[in-house]
Amino acid sequence: MNNIAFIGLGNMGSPMAINLVKAGYRVKAFDLITDSLKDFVAAGGEKADSAIDAVRSAEVVISMLPAGEHVYELYNSDNGLLAQLPNGCLVIDSSTIDANTARQVGESAAKLGIDFIDAPVSGGVSGAIQGTLSFIVGGELGCFNRAKPILEAMGKNIFHAGNIGSGQIAKTCNNMLLSVLMAGTAEALQMGIENGLDPKALSDIMLKSSGRNFALEIYNPVPNVMSGTPACNNYKGGFMVDLMNKDLGLAFGVAQDSGSNIPMGKQASVLFNEHANNGNGRLDFSSIFQYYNNN
Ligand code: NAD
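Here goes a summary of the coordinates provided. (Residues numbered from 1 in each chain as written. Predicted model: local features only at pLDDT ≥ 70, side-chain atom pairs only at ≥ 80, totals over all residues. Heavy atoms only, no water.)

1. So, the packing of helix H8 (residues 166–194) against helix H12 (residues 263–280)
Each pair of packed helices can be described by the angle between their axes along with the distance between the axes. What counts, and what does not: The axes used here are C-alpha line fits, helices contributing only the stretch in contact, and every angle between their N-to-C directions lies in the interval 0 to 180 degrees. Numbered from the N terminus, helices here are DSSP runs of H or I no shorter than four residues, and strands are runs of E no shorter than two. An angle below 35 degrees is treated as roughly parallel, one above 145 as roughly antiparallel, one from 65 to 115 as roughly perpendicular, and anything else as oblique. The sense of a crossing depends on the near helix, which, turned anticlockwise from the far helix by less than a right angle, makes the crossing left-handed and, turned clockwise, makes it right-handed. When checking whether two residues touch, look at their non-hydrogen atoms; a contact exists if any pair is within 4.5 Å. All amino acids are sorted into three groups, where Ala, Val, Leu, Ile, Met, Phe, Trp, Tyr, Cys and Pro are nonpolar, Asp, Glu, Lys and Arg are charged, and the leftover types, Gly among them, are polar.
Running from amino to carboxyl end, H8 crosses H12 at an angle of 65 degrees, the nearest separation of the two axes being 9 Å. Looking at the two axes, H8 sits roughly perpendicular to H12. H12 is crossed by H8, and the crossing has left-handed handedness. Along the contact surface, H8 presents Met 176, Ser 179, Val 180 and Ala 183, while H12 presents Met 264, Gly 265, Ala 268, Leu 271 and Phe 272. Taken together, the residues that form the contact of H8 with H12 break down as seven nonpolar, two polar and no charged.

2. Points about the environment of Ile 205
Structurally, Ile 205 is set in helix H9 (residues 199–207). Along the primary structure Ile 205 and Ala 188 are separated by 17 residues, whereas in three dimensions their C-alpha atoms are 12 Å apart.

3. Notes on the site of the ligand
Keep this limit in mind: Nearness of a residue to a molecule or strand requires only that one of the residue's heavy atoms be within 4 Å of it. Two N or O atoms count as a polar contact when they lie within 3.5 Å, although within protein this holds only if one can serve as hydrogen donor and the other as acceptor, and sequence-adjacent residues are included solely when both atoms are side-chain atoms. The method behind every accessible area is Shrake-Rupley, applied with a 1.4 Å probe, and residues are considered shielded solely by the protein chains displayed. Here the limits of each domain have been adopted from an automatic or database domain assignment.
Surveying the vicinity of the ligand reveals 22 residues, the closest of which are Asn 11, Met 12, Asp 31, Leu 65 and Lys 246. The contact in question runs from an oxygen atom of the ligand to an N or O atom on the side chain of Asp 31, over 2.6 Å. Between the ligand and the protein, one listed contact pairs a nitrogen atom with a backbone N or O atom of Leu 32 at 3.4 Å. Calculation on the ligand without its partners gives an accessible area of 830 Å², and the protein chains cover 85% of this total. Of all the elements in the fold, those that place two or more residues in the shell around the ligand are helix H6 (124–130) and helix H11 (241–258). For the shell around the ligand, a count of residues per class yields twelve nonpolar, seven polar and three charged. Counting contributing residues per domain, the shell around the ligand is built from domain 1 (3–163) and domain 2 (169–294), each supplying no fewer than three.

In structure tokens:
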């Protein structure tokens, strides 16, 4: 399985495809925006003129696209890729999309004898560059095992969550929790500040107490409390508020399908949407601290 086609070389896809080239795979890639392929070609990757051109002689196809409609269109539309792929080909979709689209594409692939897994990632652009992403995979165990060595060239933690669609659901659960943790941490820190506490001292206290969480550990939302965080860089870089809102939208869809009650997720969504509507959509999601700070 040395020939890989990679579709979608944006902020995430480009460094992921480059890491595959570095690991010795022969990678042919396509993006609608030709300029996106510059770094990849400089790293030794091969440029394709179309998605169909990219998959010629590919044993594995990886996609990293914005949303479900792009994935459906790429694989399942009348001129979609599935019809072009040979029997036994492995398709890995790493885009963050709704589980239903992943299942639909997976069912169409199965009818054609093509293996399909959904494999969304956690770890952001820096994880993609450093090759330390977490892959959260949905699909048959045999397909998971087949994909694992390839995913290990781009990531550090490779999880099997269950059947097709489960990768997307697990990722959605994680990101909904992350939104709640970040908003809650910002809220507690701002209340402490308004009561005369030093945010660094309060962070240290909560870090060693029962409020300990990811935001306090490595992603403090208050400027100048923890070096290297987006908060110390005017909330540039990191994970955009707009992407968090996209993931919270996916969480709503999951909850609706299963009849799950998500009052905390809904509240976090209200906060992050209002924050985006105030012009902060492209800032890192820890900038939700400013929402409390400015109100
Ligand atoms: P991006 O917008 O930077 O890249 C998407 C790329 O796909 C673009 O270059 C676009 O031109 C290309 N594209 C769209 N339709 C195409 C098609 N039909 N054929 C070929 N190329 C096509 O987005 P990104 O930040 O790289 O994110 C990709 C996916 O990863 C999204 O689903 C996102 O939610 C998820 N994700 C992003 C991050 C992050 O921090 N950026 C983290 C985890 C997961």
